[in-house]
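Below, each chain spelled out in residue letters.
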Amino acid sequence: MNAPSTPTHLLPEVHQRPVPPALIEALRARFGAQLSTAQAVREQHGRDESPFTNVPPPAAVVFAESTADVADTVRLAAQHEVPVIPFGVGSSLEGHLLAVQGGISLDVSRMNRVLAVNGEDLTVTVQPGVTRKQLNEAIKDLGLFFPIDPGADASLGGMAATRASGTNAVRYGTMRENVLALEVVTASGEVIRTGTRAKKSSAGYDLTRLFVGSEGTLGVITELSLRVYPLPEGISAAICSFPTIADAVQTTIETIQLGVPIARCELIDANTVKMVNAHSKLGLREAHLLLMEFHGSPSSVKEQAETVQAIAHENHGQDFEWASTPEERTRLWTARHNAYFAAVQSRPGCRAISTDTCVPISRLADCLLDSVAEADASGIPYFLVGHVGDGNFHFGYLIDPNSAEERAQAEALNHQLVRRALTLGGTCTGEHGVGLHKMDFLVEEAGAGAIEVMRTIKRALDPKNILNPGKIFQL
């Protein structure tokens, strides 16, 4: 795996909590072969794609196959005050699933059934282990699709827990807008339901939104009702190259401010285009580019494209290069999603320290261009991609894992980037979540008062602090 290693000083001060043999025995009696204490299985569930690789693995892994399995695991863990860490496919980037205080990893990947498809209402109900690709494969013949696309084939439960978004968010929103209802197991092992399949409600507190983005710290999601959408009648993807990043960013800003309902608008800088070409065997022009996609009727797609093409020309953009067939579009988007792997392979033996921020679209140029200048001046190789249509972008700093100097430089660049975004009215994380890596930044962004409100909610819902403890903030 390509997750970068990180010295222990970057981890918050935590202590492993004991897992008594009595709990392991109780879990084994309840789950039999669904419980594993094998070292390899524990290590697999004790790492993700974050910068942290030196956290001890969980004491055991439970492979849940039903809501009852989740509830019984949490109930038994609560009796012994042992942490429970939900696990989907392990694609998180900020240390969400690491057992920083020890405990039991609760793997829900076997809970992977699409429970209901309500095509007339444009909703589906799924278990948390269903992945986005699996869902789209299940509903495509009905002329439907689920648009949230973070790149990795993540589990939908994990996507809800981290409030994921991705390439389509500029048009279709994030998981926050597309989760209608949840089934959740609380810290006591009780099963509750939040929300309904109705499009709106004024009934009490919005508990669904409370659990979406809670990163497994308030409850374990065991079922989701989601919005889905009709497959667009027309879809076209286009690449437009620019002489400077500033030109590409200005094109994006003007497109959004004009109200063009573009479905995807991705920035890839020239450096990263070279890496993608080498990795995915493409022949893209090695210049800064926007990779765009338009959805709608054939006439509306044509109108959108013509409008954006005119904006691009005013900002020194080249003529569009089109990818109109599904195969061509898939190839392009696969290459975009593999940009991370293309980058780490460009410097053999390197590790990547990646981050994400999001700013108001009017401040995108200010934030992005200053961050590019700092990265260039540092001399550290990097890659740059971004869902710039909604002001979100990602840097990955490619460092020698054995060089303390490079690591310090990369972390300094990361800190400067995030603080710049906060100064410009943005957020420390547009889609990766807080986890372990962004806890200090969350305090800067939200303020001590808001963090204390979060702590109050956590203490009320999880008084024994067993649900994914040590994430988002310290109690």
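The rules behind each value
- Residues numbered from 1 in each chain as written.
- Predicted model: local features only at pLDDT ≥ 70, side-chain atom pairs only at ≥ 80, totals over all residues.
- Heavy atoms only, no water.
- Salt bridge = Lys/Arg side-chain N within 4 Å of Asp/Glu carboxyl O.
- Helix = DSSP H or I, 4+ residues; strand = E, 2+ residues; numbered from the N terminus.
- Buried < 20%, exposed > 50% of the residue type's maximum accessible area, 1.4 Å probe, protein only.
- Disulfide = S-S within 2.5 Å.
- Phe/Tyr/Trp six-rings, centres within 6.5 Å; stacked < 30°, edge-to-face > 60°.
- Lys NZ or Arg CZ within 6 Å of the ring centre and 35° of its normal.

Participant: So what's going on with the pattern of salt bridges? Residues and values would help.
Facilitator: Scanning the model with the defined rule gives 25 salt bridges in all. Its salt-bridge partner being Asp69, residue Arg30 comes within 2.7 Å of it at the nearest N-O pair. With Arg30 in helix α1 (residues 21-31) and Asp69 in helix α3 (residues 67-80), this pair connects stretches of sequence that are 39 residues apart. Here Arg30 falls in the partly exposed class, since its relative accessible area comes to 32%. With its nearest N and O atoms 3.0 Å apart, the salt bridge here joins Glu321 to Arg285. One end of the pair, Glu321, is in strand β15 (residues 321-323); the other, Arg285, is in the loop between α10 (270-280) and β14 (288-296), and 36 residues separate them in sequence. Given the relative accessible area of 32%, Glu321 is considered partly exposed. One network of salt bridges, with partners in common, ties together Arg30, Asp69, Asp72 and Arg75.

Participant: Help me get a handle on the state of the cysteines, residues and values and all.
Facilitator: Counted under the stated rule, the structure contains zero disulfides. Here Cys367 is not cross-linked by a disulfide; its sulfur's nearest cysteine counterpart is in Cys358, at 9.6 Å. Cys367 gets classed as buried once you look at its relative accessible area, which sits at 0%.

Participant: How would you summarise the packing of aromatic side chains if you had to cite specific residues and measurements?
Facilitator: Applying the stated criterion across every chain yields a total of ten aromatic pairs. Aromatic pair Tyr172 and Tyr229: ring centres 5.1 Å apart, planes at 70°, arrangement edge-to-face. Of the two residues, Tyr172 is situated in helix α6 (residues 169-172) and Tyr229 in strand β11 (residues 229-230); the sequence distance between them amounts to 57 residues. Taking the centre distance of 5.7 Å and the plane angle of 15° together, the rings of Phe395 and Tyr397 count as stacked. By relative accessible area, which is 1% here, Tyr397 ends up buried. The rings of Tyr382, Phe393, Phe395 and Tyr397 are connected pair by pair, giving a single aromatic cluster. Above the ring of Trp333, the side-chain terminus of Arg264 is found at 4.2 Å from the ring centroid.

Shape is all these values report; function is a separate question.
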